[in-house]
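# Topology and contacts: notes
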Amino acid sequence: MTGSQQEDYERAGFDGRLTPGTSPALLLVDPARAYVDPDCPLYAGVEPAVEAMRVLLADARRAGIPVVITQVRLRADGSDGGVFFRKIPTLRAFIEGSPYGDFIDGLAPTATELTVTKQYPSAFFNTTLAAHLTSGGIDTLLIAGLSTSGCVRATALDAMQYGFIPVVVEEAVGDRDPDVHAANLFDIKHKIGEVWPMERVQDYLADKTASPQPDRRR
């Protein structure tokens, strides 16, 4: 975005800042093989973002914060995807049994991490994610994944609406079109949450690594 656009948004009052809390979780949105397999129509050329996701995931685990990873899985006829499936028929890549819905190597959840299966863009829609985070005392979501203009944006919006501070990790999200990617990050930054570079997120996580984590079971 140009400097004049930035100035226009700030003049209009879209310049608020959110301060992350003390109990974060990492939410990794749809790290699916579909986006990195050239044989799939959904291939998006997002390999740099995927590498950043791997680094971020390792950092989050090292810091000992909760990790949630989402995946899209649909019935063979797509009926549980409703209007979304009718609008985007290529979502058939995520029907049960399709290898394209599998996790990208190195981005699968462990046995102790929550997997959220969804049929729509937001990780919150028709899932137990909000209840899980609330019961765990989470106040901040570090959001990474695919794609920026679709499921990442929808998830960040719902995170804000449920009262969590959304922090989208700039290098660890990706989209098939760089202009669309940039426009959505700009909009998220000014209207939904925070967009932080990886280095700043790593500094934030380093503080969690150095400090005892609260007992979220209470």
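Higher on the page you've got the structure.
To start, this report covers the structure provided alongside it. (Residues numbered from 1 in each chain as written. Predicted model: local features only at pLDDT ≥ 70, side-chain atom pairs only at ≥ 80, totals over all residues. Heavy atoms only, no water.)

### Some remarks on unusual backbone geometry
Note: most residues except glycine have negative phi, and most peptide bonds are trans. Cis geometry marks the peptide bond from Leu146 to Ser147; its omega dihedral reads -10°. Checked against the element boundaries, Ser147 lands in the loop between strand S4 (140-146) and helix H5 (148-161). The backbone of Asp30 sits at a positive phi, close to 50°, despite the residue not being glycine. What makes Asp30 buried here is its relative accessible area of 4%. (Helix = DSSP H or I, 4+ residues; strand = E, 2+ residues; numbered from the N terminus. Buried < 20%, exposed > 50% of the residue type's maximum accessible area, 1.4 Å probe, protein only.)

### Examining the sheet that holds S4
The strand order across the open sheet built from 6 strands is S3-S2-S1-S4-S5-S6, with neighbouring strands paired in parallel fashion. Each end of this open sheet is capped by a strand with a single partner; those strands are strand S3 (114-118) and strand S6 (194-196). Ignoring which end each strand starts from, the neighbouring axes of this sheet average 25° apart. Where strand S1 (residues 24-29) meets strand S2 (residues 67-72), 3 bridges bridge the pair, whose relative direction is parallel. Note that in S2 the partner of Leu26 across the bridge is Val67. Set on the sheet, helix H2 (residues 47-63) makes contact with S1, S2, S4 and strand S5 (165-174); between it and S5 the angle comes to about 135°. Helix H6 (residues 178-191) rests against S5 and S6 of the sheet, and its axis sits at about 165° to S5. (Pairing = 2+ DSSP bridges. Axes fitted to C-alpha atoms, helices over the stretch in contact; angles between N-to-C directions. Contact = heavy atoms within 4.5 Å.)

### Some points on the packing of H5 against H6
Orientation of H5 relative to H6, taken along the N-to-C sense of each, is 5°, at an axis distance of 10 Å. Of the possible angle classes, the one that applies to H5 and H6 is roughly parallel. Where H5 approaches H6, its residues Thr148, Ser149, Arg153 and Met160 are matched on the opposing element by Val180, His181, Asn184, Leu185, Asp187, Ile188 and Lys191. Residues belonging to the contact of H5 with H6 are distributed by class as follows: 4 nonpolar, 4 polar and 3 charged. (Parallel < 35°, antiparallel > 145°, perpendicular 65-115°, else oblique. Nonpolar A, V, L, I, M, F, W, Y, C, P; charged D, E, K, R; others polar.)

### Notes on H5
Compared with the 20 Å implied by 1.5 Å per residue over 14 residues, the 18 Å span of H5 between its first and last C-alpha is a close match. Listing the buried residues of H5 in full gives Thr148, Cys151, Val152, Ala154, Thr155, Ala156, Asp158 and Ala159. Looking at the packing, one finds that the buried side of H5 touches S1, S3, S4, S5 and H6. Immediately downstream of H5, the backbone of Gly163 shows phi near 95°, a positive value. (Expected span 1.5 Å × (residues − 1).)

### Examining the pattern of salt bridges
Counted by the stated rule, this structure contains 8 salt bridges. Arg61 serves as the salt-bridge partner of Glu113, at 2.8 Å between the closest nitrogen and oxygen. Linking Glu113 in the loop between helix H3 (82-87) and S3 with Arg61 in helix H2, this pair joins segments that are 52 residues apart in sequence. Overlapping salt bridges, with partners in common, bring together Arg153, Asp187 and Lys191 in one network. (Salt bridge = Lys/Arg side-chain N within 4 Å of Asp/Glu carboxyl O.)

### Section: the pairing of S4
A large share of S4 lies buried, amounting to 7 of its 7 residues. Neither face of S4 is exposed, since Thr140, Leu142, Ala144 and Leu146 on one face and Leu141, Ile143 and Gly145 on the opposite face are all buried. One ladder, built from 6 bridges, connects S1 with S4; its direction is parallel. Following the sheet pairing, Pro24 is matched in S4 by Thr140. Once you follow S4 into H5 and on to S5, the crossover reads as right-handed. (Right-handed = clockwise from strand over helix to strand, strands pointing away.)

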